[in-house]
Amino acid sequence: TRLELDAGQLKRMVVTHPSLLNLGVEETLAPTLDWLQTRLELDTAQLGRMVVKLPALVGKRPESMEENCDWLRRRLGLDATQTRRLVAGFPPLLYLSVDENLKPTLDWLQKRLDLDDGGLRKMVLTHPPLLGLSVEANMAPKLAYLEQELNMTRAALRDHVLRIPAILAYSLDKRYRPRVE
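It should be emphasised that the depicted structure is a prediction, and the values quoted were computed from it without experimental measurement.

A.B. asks: Could you give an account of the packing of helix 2 (residues 25–39) against helix 3 (residues 44–53), with specific residues and numbers?
C.D. replies: For the pair helix 2 and helix 3, interaxial distance at closest approach is 10 Å and the crossing angle is 120°. Comparing their axes, helix 3 and helix 2 come out oblique. Crossing handedness for the pair helix 2 and helix 3: right-handed. Together, Leu33, Leu36 and Gln37 of helix 2 and Thr44, Leu47, Met50 and Val51 of helix 3 make up the contact between the two elements. For the contact of helix 2 with helix 3, a count of residues per class yields five nonpolar, two polar and no charged.

In structure tokens:
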């Protein structure tokens, strides 16, 4: 009742994440929901939508989610409001591994596009889901294709991605190739 979920939403959560039934209310669920609501300044409806969309969040330890928030804040030079908006805009940032996902992706983007810290911050704040994309399977082939097929210089490519960071999420096969070839 705290999340004001209807029976269908609750059923979907349990069917897709049956391990939720093993979580203790007082030990796990309540502290995690409290942390999410307080840290991200969510109202009850926003919290409910987030949990329905990503049920696995309720099984995460608040301490580990806070570590991710702190790391993102330091790495990107964010203030508290920017950090909150970034994470609320793409909640998987709360559980993606810093060492295996976030750090390598940010480092690769910064190096590949020759971005300064401000450019990297702007790009990530504009389109947070970039941090969930695979470098090898998604972004690297896309940037290589755009450079080669459109004869874009590294600087032109950087400027284009900074203007529209979401282009890195577009499908190479369904969006770019049909329009170029």
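A.B. asks: If you had to explain the environment of Leu33 to someone new, which residues and values would you point to?
C.D. replies: Secondary-structure assignment places Leu33 in helix 2. Its relative accessible area of 8% is what places Leu33 among the buried residues. It is 10.0 Å that separates the C-alpha atoms of Leu33 and Thr44, two residues lying 11 residues apart in sequence.

A.B. asks: A description of the environment of Lys142 should follow, citing residues and the corresponding values.
C.D. replies: Turning to its location among the elements, Lys142 is positioned in helix 8 (residues 135–149). We classify Lys142 as buried; its relative accessible area is 3%. For the pair Lys142 and Asp159, spaced 17 residues apart in the sequence, the C-alpha separation amounts to 15 Å. In this structure Lys142 touches Ile167, Leu168, Ala169, Tyr170, Leu172 and Tyr176, once residues within four positions along its chain are discounted.

Criteria and thresholds
Residues numbered from 1 in each chain as written. Predicted model: local features only at pLDDT ≥ 70, side-chain atom pairs only at ≥ 80, totals over all residues. Heavy atoms only, no water. Axes fitted to C-alpha atoms, helices over the stretch in contact; angles between N-to-C directions. Helix = DSSP H or I, 4+ residues; strand = E, 2+ residues; numbered from the N terminus. Parallel < 35°, antiparallel > 145°, perpendicular 65-115°, else oblique. Left-handed = near helix turned anticlockwise from the far one by under 90°. Contact = heavy atoms within 4.5 Å. Nonpolar A, V, L, I, M, F, W, Y, C, P; charged D, E, K, R; others polar. Buried < 20%, exposed > 50% of the residue type's maximum accessible area, 1.4 Å probe, protein only.

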